[in-house]
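# Coordinate analysis (summary)
Take a look at the letters that make up each chain.
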Amino acid sequence: MTHTTFKDWPSLAANLTPAIRELHKAAPGVMKAFREMGAAAHGAGALDAKTKELLAVAISVAVRCDPCITFHVEGARRHGASREEVAETIGLAIYMGAGPSAMYAAQALEAYDQYADKAAG
């Protein structure tokens, strides 16, 4: 499957991971608390994991966070989100964030396609 390649989202995640590890070493207390907050937010509750990841995708687009987009799009895909569900989710982000969100929404959809291509082999 061939899609757009404005950014290489899987590489963005892979290239950022060492920097995140360094941040954990440099600020262990803060990053431990951040990890714990993430675990609590993603923990069992009324919303399933896929829904939580889709919400994170919408927020990632709205706040224009490239690393957030790559990690949460892949999280949503891994939890079973379809391309159509990601597209509908980012549609809401566009509505809430207007023009700048539309530009990041295009990138979020591109990220999904790249991860799907990579998973397909």
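Residues numbered from 1 in each chain as written. Predicted model: local features only at pLDDT ≥ 70, side-chain atom pairs only at ≥ 80, totals over all residues. Heavy atoms only, no water.

## What to know about the overall build of the protein
- In terms of helices and strands, the protein carries five helices and zero strands.
- In sequence order, the secondary structure elements of the protein are arranged as α-α-α-α-α.
- On C-alpha atoms alone, the protein measures out to a radius of gyration of 15 Å, which is about the 14 Å that the 2.2 N^0.38 rule sets for 121 residues.
- Projected onto its principal axes, the C-alpha coordinates of the protein cover approximately 40 × 35 × 30 Å.
- Long-range pairs, those at least 24 residues apart, make up 73% of the contacts in the protein with a sequence separation of at least 6. (Helix = DSSP H or I, 4+ residues; strand = E, 2+ residues; numbered from the N terminus. Rg over C-alpha atoms; globule rule 2.2 N^0.38 Å. Contact = heavy atoms within 4.5 Å.)

## A closer look at the environment of T70
- Positionally, T70 belongs in helix α4 (residues 66-78).
- Owing to a relative accessible area of 0%, T70 belongs among the buried residues under this scheme.
- Through-space distance from the C-alpha of T70 to that of E110 is 9.7 Å; in sequence the pair is 40 residues apart.
- Setting aside its immediate chain neighbours within four residues, T70 contacts W9, P10, L12, A13 and Y115. (Buried < 20%, exposed > 50% of the residue type's maximum accessible area, 1.4 Å probe, protein only.)

## Here we look at the nonpolar core
- Counting residues in each nonpolar core, the largest one holds 20 residues, and the members touching the most others are V61, I69, V73, V86, I90 and A108.
- Those elements that provide at least two residues to this core are α1 (9-26), α3 (49-63), α4 and α5 (83-120).
- Those residues within four positions of I69 in sequence are excluded, and the remaining contacts are W9, S60, V61, Y104, A108 and A111. (Core = buried A, V, L, I, M, F, W, Y, C linked by side-chain atoms within 4.5 Å.)

## Side note on the side chain of Q114
- By the secondary structure assignment, Q114 is in helix α5.
- Residue class for Q114 comes out buried when judged on its relative accessible area of 12%.
- Each residue touching Q114, except ones within four places of it in the same chain, is listed here: T4, T5, K7, D8, W9 and P10.

## Re the environment of E84
- Here E84 lies in helix α5.
- As a C-alpha pair, E84 and L109 span 25 residues in sequence and 9.6 Å in three-dimensional space.

## Some details on the state of the cysteines
- Overall, the coordinates contain one disulfide when judged by the stated rule.
- Paired through a disulfide, C65 and C68 show a sulfur-sulfur distance of 2.2 Å. Taking the torsion about the S-S bond as the criterion, the C65 to C68 disulfide, at about 65°, is right-handed. (Disulfide = S-S within 2.5 Å.)

## Topic: the confidence of the model for the protein
- When pLDDT is averaged along the protein, the result is 92, and 98% of the positions lie at 70 or above.
- The weakest mean pLDDT in the protein belongs to α5 at 89; the strongest belongs to α4 at 96. (pLDDT = per-residue confidence, 0-100.)

## Section: the packing of α3 against α4
- Following both chains from N to C, one finds α3 and α4 inclined at 155°, their axes separated by 8 Å at the closest point. Here α3 is positioned roughly antiparallel relative to α4, judged by the angle of their axes. Here the hand of the crossing between α3 and α4 comes out left-handed. Contacts between α3 and α4 involve E53, L54, A56, V57, S60 and V61 from the first element and C68, I69, H72, V73, G75 and A76 from the second. (Axes fitted to C-alpha atoms, helices over the stretch in contact; angles between N-to-C directions. Parallel < 35°, antiparallel > 145°, perpendicular 65-115°, else oblique. Left-handed = near helix turned anticlockwise from the far one by under 90°.)

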